[in-house]
Amino acid sequence: ADPSPEVRTAGRELLAKLDAGAALGLLAEALQGENVTERQAAYAVLAEMGKPAADRLLVEALSRLSAGTLPPAEQLDVLLAAEKRNTPELKALLA
């Protein structure tokens, strides 16, 4: 992995367009990482993917938000990503 968060973020974005399955694992890792910017970017990529596995990661994030365990710096990113996906499950969690 590149030491630059910007390069890693760009790589995940490109991979999501080329091979969503491979990108999901890297996005999940980014969501567990320490870099806030990378986590925020991962939510934006998940919103664009349109895959059930990506939606599951957003559901997990919304659950953390409602439990009060999602960091404040990520809350808007999660809400925007979930709203953009507009699936029934995400809509119900946003209501």
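Please refer to the structure higher up on the page.
Residues numbered from 1 in each chain as written. Predicted model: local features only at pLDDT ≥ 70, side-chain atom pairs only at ≥ 80, totals over all residues. Heavy atoms only, no water.

For this particular structure, what's the right way to read the overall build of the protein?
Summing up its helical and strand segments, the protein has six helices and zero strands in all. For the protein, the sequential pattern of α-helices and β-strands runs α-α-α-α-α-α. Taking 2.2 N^0.38 as the reference for a compact globule, 95 residues should give roughly 12 Å; the C-alpha atoms of the protein span a radius of gyration of 12 Å, in line with that estimate. If one aligns the C-alpha atoms of the protein with their principal axes, the spans along those axes are about 40 × 25 × 15 Å. Here the protein holds 95 residues, and 35% of them are scored as buried. Sequence-distant contacts in the protein: of pairs separated by 6 or more residues, those separated by 24 or more amount to 52%. Carbon and sulfur atoms provide 56% of the accessible area of the protein, an area that totals close to 5,500 Å². Each charge class in the protein can be summarised by its mean position, and for the 10 positive and 14 negative side chains these summaries are 5 Å apart. (Helix = DSSP H or I, 4+ residues; strand = E, 2+ residues; numbered from the N terminus. Rg over C-alpha atoms; globule rule 2.2 N^0.38 Å. Buried < 20%, exposed > 50% of the residue type's maximum accessible area, 1.4 Å probe, protein only. Contact = heavy atoms within 4.5 Å. Areas by Shrake-Rupley, 256 points an atom, 1.4 Å probe, with all protein chains shown as cover. Lys, Arg positive; Asp, Glu negative; His and termini not counted. Charge placed at Lys NZ, Arg CZ, Asp CG, Glu CD.)

So what exactly am I meant to see when it comes to a nonpolar patch on the surface here?
Together, L76, L79, L80 and L94 make up an exposed nonpolar region whose accessible area comes to about 340 Å². Per element, the largest residue contribution to the nonpolar patch is three residues, and it comes from helix α5 (residues 72-85). On the basis of relative accessible area, L76 is assigned to the exposed category, the value being 56%. (Patch = residues over 30% accessible without salt bridge, like charges linked within 9 Å, V, L, I, M, F, W, Y side chains within 5 Å. Salt bridge = Lys/Arg side-chain N within 4 Å of Asp/Glu carboxyl O.)

Which parts of the structure should I look at to understand the side chain of E38?
With respect to the element layout, E38 can be found in helix α3 (residues 36-49). Not counting residues up to four positions away in its chain, the partners in contact with E38 are P5, R8, T9, R12 and A30.

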